[in-house]
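What the coordinates show
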Amino acid sequence: MGAVWSLLGILSGAFIAVQAPINSQLARGLGLPVAAAAFSFLSGAIVLGIIAVAVGKLQGISLDWKAPAPWLFVAGGMLGGFYVTLSTILTPRIGAAALMAFLVAGQLLAGMLIDRAGFLGVAVREISLGRVAGAVLLLAGALLIRLY
């Protein structure tokens, strides 16, 4: 089953790579990157809302709107909005491959800090020499992709 999760992670990353030029093209057509990001989120919210209602009904689950901290309802969407907007702006300037390389490097660095701090209940993992070496190599790879 681990291989399936890994393949789904790769597929998710591929979706991000494809999404960036799509949103950049939408921004070009609309004339405003933040508008493209807004419509990207709006369409995603509509589709996911329909899926959430259908899955909830099929599984007999009703959402507990009072359980999560209020800031959690906004934080992920705001961070995603910044990500999509910046990706939309950067894709035509640095290319999809360089953007993806820098995104992965940023995700890895932030992920290491999140793991170290145990942010929001994430399992605590130390920042080891191997992890630092991996991050340095990934960042070096991102720079090579950008420069060449």
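Since the model is a prediction, treat every value here as computed from it, not as a measurement. (Residues numbered from 1 in each chain as written. Predicted model: local features only at pLDDT ≥ 70, side-chain atom pairs only at ≥ 80, totals over all residues. Heavy atoms only, no water.)

A separate point is the packing of helix H1 (residues 2-30) against helix H3 (residues 72-94). One way to put it is that H1 packs onto H3 with a least axis distance of 8 Å and a crossing angle of 80°. As summarised for this structure, H1 and H3 are arranged roughly perpendicular, according to the angle between their axes. Mapping the contact onto sequence places Ile-16, Gln-19, Ala-20, Pro-21, Asn-23, Ser-24 and Ala-27 in H1 and Tyr-83, Val-84, Ser-87, Thr-88, Thr-91 and Pro-92 in H3. Its residues assigned to classes, the contact of H1 with H3 shows seven nonpolar, six polar and no charged. (Axes fitted to C-alpha atoms, helices over the stretch in contact; angles between N-to-C directions. Helix = DSSP H or I, 4+ residues; strand = E, 2+ residues; numbered from the N terminus. Parallel < 35°, antiparallel > 145°, perpendicular 65-115°, else oblique. Contact = heavy atoms within 4.5 Å. Nonpolar A, V, L, I, M, F, W, Y, C, P; charged D, E, K, R; others polar.)

Let us now look at the environment of Ile-127. Relative to the elements of secondary structure, Ile-127 occurs in the loop between helix H4 (96-117) and helix H5 (129-147). Taking the C-alpha atoms as reference points, Ile-127 and Arg-116, eleven residues apart in sequence, are found 6.4 Å from one another. Setting aside residues no more than four positions away along its own chain, Ile-127 makes contact with Met-112, Leu-113, Arg-116 and Val-132.

Looking now at the domain arrangement of the protein. Each assigned domain of the protein is listed with its residue range as follows: domain 1 (1-94) and domain 2 (95-147). Once you take the C-alpha centre of each, domain 1 and domain 2 turn out to be 21 Å apart. Every contact between the two is made by eleven residues of domain 1 and, on the other side, nine residues of domain 2. Broken down residue by residue, the surface that domain 1 buries against domain 2 is led by Trp-71, Thr-91 and Ile-94, which jointly contribute 54%. Inspection of the domain 1/domain 2 interface yields zero salt bridges. (Domains from an automatic or database assignment. Buried area = accessible area lost by both parts, 1.4 Å probe. Salt bridge = Lys/Arg side-chain N within 4 Å of Asp/Glu carboxyl O.)

Before going further, it helps to examine the packing of H1 against H4. Relative to each other, H1 and H4 sit at 130°, their axes nearing to 10 Å. Comparing their axes, H4 and H1 come out oblique. Here H1 and H4 pass one another in a crossing that is right-handed. Note on element contacts: H4 touches H1 through Leu-99, Met-100 and Leu-103, opposite Ile-16, Ala-17 and Ala-20. Class assignment of the residues belonging to the contact of H1 with H4 gives a composition of six nonpolar, no polar and no charged. (Left-handed = near helix turned anticlockwise from the far one by under 90°.)

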